[in-house]
Amino acid sequence: MATVLWLQGGACSGNTMSFLNAEEPSACDLVTDFGIDILWHPSLGYEMGEPVVQMLNDLASGKRQLDIFVFEGTVIMGPNNTGRFNMFADRPMKDWVKEIASHAGAVVALGDCACWGGIPATEPNPVDNIGLQYLKRKHGGFLGSDFRSKWGLPVVNIPGCPTHPDWITQILVAIAAGRAGDIALDDLQRPQTFFKTFTQTGCTRVQYFEYKQSTMEFGQGTRQGCLFYELGCRGPMTHSPCNRILWNRQSSKTRAGMPCTGCTEPEFPFHDLKPGTVFKTQKVSGTIPKEVPTGTDHVSYMAHAAAARIAAPKWTKEDMFVV
């Protein structure tokens, strides 16, 4: 039986809320079908007070076995690297994280905040938030770039704001089943099974993207135009399976007419949330996107875009649904 400890740092608990909506497998399946022993979770655990402190001390000292350490939220370093802005069980949370991670079989960073700092680490970052092994795209983070768990793994990053619930449960099952060594990670330590493709993969608007036809307003669902050209959609540059593994088995942001905000990438939130940048495609000379889809360059992209617009069939410029 694999043991799991889940702690929360500087965060909104959104990944916990997402986790509870998992379906394949569900949060309950982890315990009943896969034999995972969730030692404690700050929102779900029954134990309180001294029993929890004793358990944490046993895990931090290595006296008690811990297979998987799940951390949600940022590690808060302030003020002055003391970590006292985030106290837990009479100690800075960062001290618990350092000691427990050193004895865990595997360490999983859950959500953008734990992976690379997320929104809390956006400048000016007044309380010095940092991710477990990254600060934005800079490798190192709180545990350092050389950190490896007892099973020889770097921190396994499962980003998102929040992360999809089934990404969480499927990775936990894989690690608990002894298949941690089979999980291929990308250059940002994300499981490739989820993060090798782009949000655009499976998007119902992809035919509009190919013909460079854009929509000019929100709320069009799948009816009309691509969201990349005018409304700041980051689907062509964001690694995630949001249009392959649908949310609530129903939909995704782009299917509902909402631009992808790129929340699985270290730079999220992009442009530091400056007014007029979040839902607006940034352009050069008013026509050329400042950022083009991953894998191409501006010259190639513009040549392809010009040809695509000329070749665009009539139906790409019409409303897909007629009442």
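Structure's up top.
Residues numbered from 1 in each chain as written. Predicted model: local features only at pLDDT ≥ 70, side-chain atom pairs only at ≥ 80, totals over all residues. Heavy atoms only, no water.

**As for unusual backbone geometry**
Step number 1: A cis amide bond links Glu24 with the next residue in sequence, Pro25, at an omega value of -5 degrees.
Step number 2: Tracing the chain through its elements places Pro25 in the loop between α1 (14-19) and α2 (27-32).
Step number 3: Look at the link from Cys161 to Pro162: it is a cis peptide, with omega at 0 degrees.
Step number 4: By the secondary structure assignment, Pro162 is in the loop between β11 (156-158) and α6 (165-176).
Step number 5: The phi dihedral of Ala89 is positive, around 55 degrees, even though this residue is not glycine. (Helix = DSSP H or I, 4+ residues; strand = E, 2+ residues; numbered from the N terminus.)

**A short note on the state of the cysteines**
Step number 1: What the rule picks out here adds up to zero disulfides.
Step number 2: With no disulfide of its own, Cys203 lies closest to Cys233 among cysteine sulfurs, the gap being 6.7 Å.
Step number 3: Residue Cys203 is classed as buried on the basis of its relative accessible area, which comes to 10%. (Disulfide = S-S within 2.5 Å. Buried < 20%, exposed > 50% of the residue type's maximum accessible area, 1.4 Å probe, protein only.)

**Some points on the packing of aromatic side chains**
Step number 1: Within this structure, the stated rule accounts for 15 aromatic pairs.
Step number 2: Where Trp40 meets Phe88, the ring centres are 6.0 Å apart and the plane angle is 35 degrees; that geometry is what we call tilted. In this pair, Trp40 sits in strand β2 (residues 37-40) while Phe88 sits in strand β5 (residues 87-88), placing the two residues 48 residues apart along the sequence.
Step number 3: Positioned above the aromatic ring of Trp96 is the side chain of Arg91, whose terminal nitrogen or guanidinium carbon lies 4.5 Å from the ring centre. (Phe/Tyr/Trp six-rings, centres within 6.5 Å; stacked < 30°, edge-to-face > 60°. Lys NZ or Arg CZ within 6 Å of the ring centre and 35° of its normal.)

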